[in-house]
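What the coordinates show
Residues per chain are reported as follows:
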Number of protein chains: 2
Amino acid sequence: MGIEEFLPSGKIRLDQQLKFTAEIDKMTGILRRTLLVDQSRRENDAEHSWHIATMAMLFEEYATEKVDIGRVCKMCLVHDLVEIYAGDTFAYDTKGNADKANRETEAADKLFSQLPEEQGKMIRDLWEEFDAMETPDAKYAACLDRLQPFLHNTLTGGHTWVENGTKRSDVEKRMRIIKDFMPEVYDWVSVNLDRAVENGWVH
Amino acid sequence: MGIEEFLPSGKIRLDQQLKFTAEIDKMTGILRRTLLVDQSRRENDAEHSWHIATMAMLFEEYATEKVDIGRVCKMCLVHDLVEIYAGDTFAYDTKGNADKANRETEAADKLFSQLPEEQGKMIRDLWEEFDAMETPDAKYAACLDRLQPFLHNTLTGGHTWVENGTKRSDVEKRMRIIKDFMPEVYDWVSVNLDRAVENGWVH
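The paragraphs below set out a description of the structure included in this document. (Residues numbered from 1 in each chain as written. Chains lettered and ligands numbered in written order. Predicted model: local features only at pLDDT ≥ 70, side-chain atom pairs only at ≥ 80, totals over all residues. Heavy atoms only, no water.)

1. As for the relation of the copies chain B and chain A
When chain B is fitted to chain A, the residual RMSD is 0.0 Å, and the transformation amounts to a turn of 180° plus an axial shift of 0.0 Å. Taken together, these values place the two copies in the relation of a two-fold axis. Scanning chain B for the C-alpha nearest the rotation axis identifies Gly70 of chain B, at a separation of 2.0 Å. Comparing contact sets, 100% of the residues at the interface of chain B also lie at the interface in chain A, consistent with an isologous, same-surface contact. (Least-squares fit on C-alpha atoms with pLDDT ≥ 70 in both. Contact = heavy atoms within 4.5 Å.)

2. Remarks on the interface of chain B and chain A
One frequent convention defines the size of an interface as the accessible area lost when the parts assemble. Contacts between the two partners involve 64 residues from chain B and, on the opposite side, 64 residues from chain A. In this assembly, chain B packs against chain A so that about 5,500 Å² is buried in total across both faces, 68% of it on carbon and sulfur atoms. With its nearest N and O atoms 2.7 Å apart, the salt bridge here joins Arg13 of chain B to Glu61 of chain A. Put simply, chain B and chain A have 32 residue pairs in polar contact (both at pLDDT 80 or more) between them. Of all the secondary structure elements, the ones that give two or more residues to the side of chain B that touches chain A are α1 (12-23), α2 (45-55), α3 (69-78), α7 (117-132), α8 (136-155) and α11 (183-198) of chain B. The leading source of residues in the side of chain B that touches chain A is α2 of chain B, at 8 residues. For the side of chain B that touches chain A, the per-class residue count stands at 36 nonpolar, 17 polar and 11 charged. (Buried area = accessible area lost by both parts, 1.4 Å probe. Salt bridge = Lys/Arg side-chain N within 4 Å of Asp/Glu carboxyl O. Polar contact = N/O pair within 3.5 Å; in protein donor to acceptor, adjacent residues only side chain to side chain. Helix = DSSP H or I, 4+ residues; strand = E, 2+ residues; numbered from the N terminus. Nonpolar A, V, L, I, M, F, W, Y, C, P; charged D, E, K, R; others polar.)

3. Brief notes about helix α10 (residues 168-181) of chain B
Residues and elements named next belong to chain B. Helix length check: α10 (14 residues) gives 20 Å between terminal C-alpha atoms against 20 Å at 1.5 Å per residue, within 8%. The largest bend in α10 comes to about 50°, at Met175. All buried positions along α10 are accounted for by Val171, Met175, Ile177, Ile178 and Phe181. (Expected span 1.5 Å × (residues − 1). Bend = angle between axes of the 7 residues up to and from the residue. Buried < 20%, exposed > 50% of the residue type's maximum accessible area, 1.4 Å probe, protein only.)

4. Thoughts on the pairing of strand β1 (residues 31-35) of chain B
All names here are of chain B. When β1 meets strand β2 (residues 42-44), the two strands line up antiparallel, connected through 2 bridges. Directly across from Leu35, in β2, lies its bridge partner Arg42. Once β1 ends, the chain turns through 6 residues before running back antiparallel as β2, passing Gln39 with a positive phi of about 60°. (Pairing = 2+ DSSP bridges.)

5. A few points about the nonpolar core
Counting residues in each nonpolar core, the largest one holds 134 residues, and the members touching the most others are Phe59, Leu81, Tyr140 and Ile178 of chain A together with Phe59, Leu81 and Tyr140 of chain B. The contact partners of Phe59 of chain A, leaving out residues within four places of it in the chain, are Tyr140, Leu144, Leu147 and Met182 of chain A together with Leu14, Gln17, Leu18 and Thr21 of chain B. (Core = buried A, V, L, I, M, F, W, Y, C linked by side-chain atoms within 4.5 Å.)

6. Some remarks on the side chain of Arg32 of chain B
With respect to the helices and strands, Arg32 of chain B occurs in strand β1. Excluding residues within four positions of it along the chain, Arg32 of chain B makes contact with Arg42, Glu43, Asn44, Asp45, His48, Asp80, Asp88, Gln148 and Pro149 of chain B.

7. Some details on the packing of aromatic side chains
Here the structure, examined in full by the defined rule, presents 10 aromatic pairs over all chains. With centroids separated by 5.8 Å and ring planes inclined at 25°, the aromatic side chains of Phe6 of chain A and Trp188 of chain B adopt a geometry described as stacked. Linking Phe6 of chain A in the segment before α1 (12-23) with Trp188 of chain B in helix α11, this pair reaches from one chain into another. The exposure class of Trp188 of chain B is buried, given its relative accessible area of 1%. (Phe/Tyr/Trp six-rings, centres within 6.5 Å; stacked < 30°, edge-to-face > 60°.)

8. As for the pattern of salt bridges
Taken as a whole and judged by the stated rule, the model has 40 salt bridges over all chains. Taking the shortest distance from any N to any O, the salt bridge between Asp145 of chain A and Arg174 of chain A comes out at 3.9 Å. With a gap of 29 residues between them, Asp145 of chain A in helix α8 (residues 136-155) and Arg174 of chain A in helix α10 (residues 168-174) connect regions that are remote in the sequence. For Arg174 of chain A, a relative accessible area of 25% translates into the label partly exposed. One connected set of salt bridges, linked through shared partners, spans Lys11 of chain A together with Glu184 and Asp187 of chain B.

Everything listed here is a matter of geometry and, on its own, says nothing about what the molecule does.
This is the structure:
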C-alpha cells in the first residue's frame, strides 16, 4: 500500500496535484528538535507548520510593518516543505547549516517539479521569499518560526538549548529578527532569556 | 514543566495570545481515525489541519465558485480547534455525531474565551462559517476536509472504511459536497469508490 496504490484520474494536472498532496504527507515524519509542550515526543514539520501558520492570525498587531495575513499563512504552510528531502536542520547546528542551502535547493527542484509548473513556481517563490527574510510578510513569518520553538523551550525546561549546550548569544542572534520586527514581543523573549540563564538552560 | 512554567510578559493581551498558542499545541494529541499515508500511525488534528490548509493552495481551479484562498487557509487552520476539548468525532459515527454540536459549542466557549475578545470572535466566526458550509470559502474548505481523508483511505487499503464497516452510500453522502462543488474531482472520487467496493473496503 501507499502511493503505488494511487488510481489515476487520467487528467495529468489533477493526478499531479493529488500525488503531490500524498507526497507532502511525509512532513509528518520529519522530526524537529523541539519537544511538544506536553513533552510526550518531538514535534514534526507538519505540526510546526500548522502551529506558526495559526499564530500568524494572532500576532499581527506587534509587527512594525503592514503584513498580509492570508499570504503569511500560505508562506508558513510551505516554508519547510523542502525538508521532506533535505531533512530538518537544527537552528544551532553550525555544520548542518553550512551545506543547508545546497541541500534545500536540490530538494526544492525535486519536490516542486512534481506539481503543474505554475503551482510549483508559486510555492517555490513563497519559500524563497521566506528564506530571504526581506519582505514584511517574510519577516513576520520568520518571527513566528523563531517565537514558536522559543515558547516551547520556555515550557519544556529549555529542552533543545540544554541538549545542544546553546549560548545566550546564539539565541539572541536567532531572535534578532523578533527584536527588530516585533519589539514588544521581544521584551517577553528577553525576560525569558534571563530566566533561561538563571536556570542554566543556556549559558 | 508545561504551561505552569509560563513567564508572563505583564501585558494581558500578549500573555493571552502566547498562552493560547501553547494551549492549541494540544491539537498534536487529538488523534483522528485516518492513517498516515506511510501507515506508521494515526494522523492528528494539527497534521490534518496543516494538510488541508496546504491543499487549499492547489485545488482552487476545480471549485465551481470563486474562493479566497488566504481566507480558506485560515479557515482550515482553525476548523478543528474545538476538538481540543470536544475530541475528534469520526465522520461515520452516528452516535458521536448526535451530540457533536453541543459538545463543540461548549468547547468553543471554553477555548475562544482564552483569547482577546475580538480575536476569539474572529476564529469562532471562521469555525462557524466552516461548519455551516454555506459560503463558497466554507464549501471549498469542506471539500478539502473530505478529500484528504478519502485520499488517505485510497492509499491505505480503505483503513477507516474497513475498520468501521462503512457503506458506499455513507461515503457518497459524505462526498456529496465534492460532487456539487468540485465535480471534476468527484470523477476521481467516483472511480476510487468503485475500486473500494471491488476490493471489499466498502460494501
